[in-house]
Amino acid sequence: MNKLFLMVIPIAIAAMGCGSESEGTAGAGGTAGTGAVGGMGGTGGTAINCTTPEEILRCDGVVLNIAHRGGLRIRPEHTLVAYTQALADGADVLELDLHATSDGVIVVMHDDTIDRTTDGTGAIKEMTLAELKTYDAGYDFTPDDGMTYPYRGMGLLVPTLEEVLVAFPDVPYVIEIKQAVPSIVDDFVAITRARGVIRQINGASFDDDVLTELRAAAPELDTSFSLNEVAEYVQNTIGLEEAAPGYVPPAEFLQVPPSFDAFTVIHPTFISIAHQLGLKVHVWTINDEDEMRGLIADSADGIMTDDPPLLTTVIDDTGTGLPD
Ligand code: G3P
Ligand code: CA
């Protein structure tokens, strides 16, 4: 975890006396209760007209169902099967993590090795795409705590970024660049531009250097805050009703967990100030129904979940989804 982030958050929270779970998290009790989003009617009853992937990603007054790693509770993470099921289950957005093989092909995997999710071992950056494609990407998925492994031997492979974009060209994405060295930014930008999808992507990274490079390489791409930028946001908003004078957001999307370890990230006016600044707030990774409801009550713009069908149920129940 980023050291500056870990230092700044507790300092800011302690300074404002907002350290307790009950005061500040976006959990079951919600945060400051800034009011439910407008759902199909939009905030203030305004009709929602978000139909293209670009519009959906930036849609006001709805909660986006973001399939974290394609919804890893439901299908083997980061597989085409997972993305297909997530969309069928009501996900609005697919979240991807990126690395690259030794021959420079960008692939979608969370870890930098294949050990946890496949039947192989080794670092992705040390194997060719052809070698990576020999491993079973459904090998370790179990829906019942190890009783069964229903996707073993079913032919699931680690997908390339190109393969995902070809299979799902009209979907909004959160795409996190995990690999920092060697940089994959230029290839990522080239692929997404060539596919004509760059404006339907929220470009994310925890790494300041990756984000700096990404923003320079693709000014048309909207991005997420880095960890340090989130810390700076908290410093400039915690305990306030509006951002501190002179604060300028560095990006368009705040993607945050409700808390890091014992430290609350989402303070009571975190989301409402973000909206004043024209930012969208996506919260990860939420698999608890009450926590989903709390975030919806607080007007979160997107919830990243391993369980898209559960979130669909909650969004439908609260009337806060995109129009059909
Ligand atoms: O990008 C935010 C969220 O995806 C972080 O979770 O799965 O990348 O560790 P993860
Ligand atoms: Ca991620």
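Read on for a plain summary of the structure.

Analysis parameters
Residues numbered from 1 in each chain as written. Chains lettered and ligands numbered in written order. Predicted model: local features only at pLDDT ≥ 70, side-chain atom pairs only at ≥ 80, totals over all residues. Heavy atoms only, no water. Near = heavy atom within 4 Å. Polar contact = N/O pair within 3.5 Å; in protein donor to acceptor, adjacent residues only side chain to side chain. Areas by Shrake-Rupley, 256 points an atom, 1.4 Å probe, with all protein chains shown as cover. Donors = N, O, S within 2.8 Å, 3.2 Å for Na, K, Ca; no water. Buried < 20%, exposed > 50% of the residue type's maximum accessible area, 1.4 Å probe, protein only. Helix = DSSP H or I, 4+ residues; strand = E, 2+ residues; numbered from the N terminus. Contact = heavy atoms within 4.5 Å. Disulfide = S-S within 2.5 Å.

1. As for the site of ligand 1
No. 1: Taken together, His68, Arg69, Glu95, Asp97, His110, Glu176, Lys178, Phe206, Trp284 and Met304 make up the full set of residues near ligand 1.
No. 2: Measuring from an oxygen atom of ligand 1, one finds a side-chain N or O atom of Arg69 at 2.8 Å.
No. 3: Here an oxygen atom of ligand 1 and a side-chain polar atom of His110 are 2.8 Å apart.
No. 4: Considered on its own, ligand 1 offers 290 Å² of accessible surface; in the complex 90% of this is hidden by protein.

2. So, the coordination of the calcium ion (ligand 2)
No. 1: Around the calcium ion (ligand 2), the protein contributes the donor atoms Glu95 (OE), Asp97 (OD) and Glu176 (OE), which lie 2.1 to 2.3 Å from the metal centre.
No. 2: Motif for the calcium ion (ligand 2), donor spacing along one chain: E-x1-D-x78-E.
No. 3: Of the residues examined, Glu95 reaches a relative accessible area of 3% and is grouped as buried.

3. Re the environment of Lys125
No. 1: Locating Lys125 in the fold gives a position in the loop between strand 3 (106–108) and helix 5 (129–132).
No. 2: For the pair Lys125 and Val105, spaced 20 residues apart in sequence, the C-alpha to C-alpha distance is 9.4 Å.
No. 3: Ignoring anything within four residues of it in the chain, the contact list for Lys125 reads Ala100, Thr101, Ser102, Gln179, Val181 and Pro182.
No. 4: There is a polar contact of 2.4 Å between the side chain of Lys125 and the backbone oxygen of Val181.

4. Describing the state of the cysteines
No. 1: All told, the structure shown has 1 disulfide when counted by the stated rule.
No. 2: Through a disulfide, Cys50 is tied to Cys59; the S-S separation comes to 2.1 Å. On the sign convention where negative is left-handed, the bridge of Cys50 and Cys59, at about 85° about the S-S bond, is right-handed.
No. 3: Using a relative accessible area of 17% as the deciding quantity, one classes Cys50 as buried.

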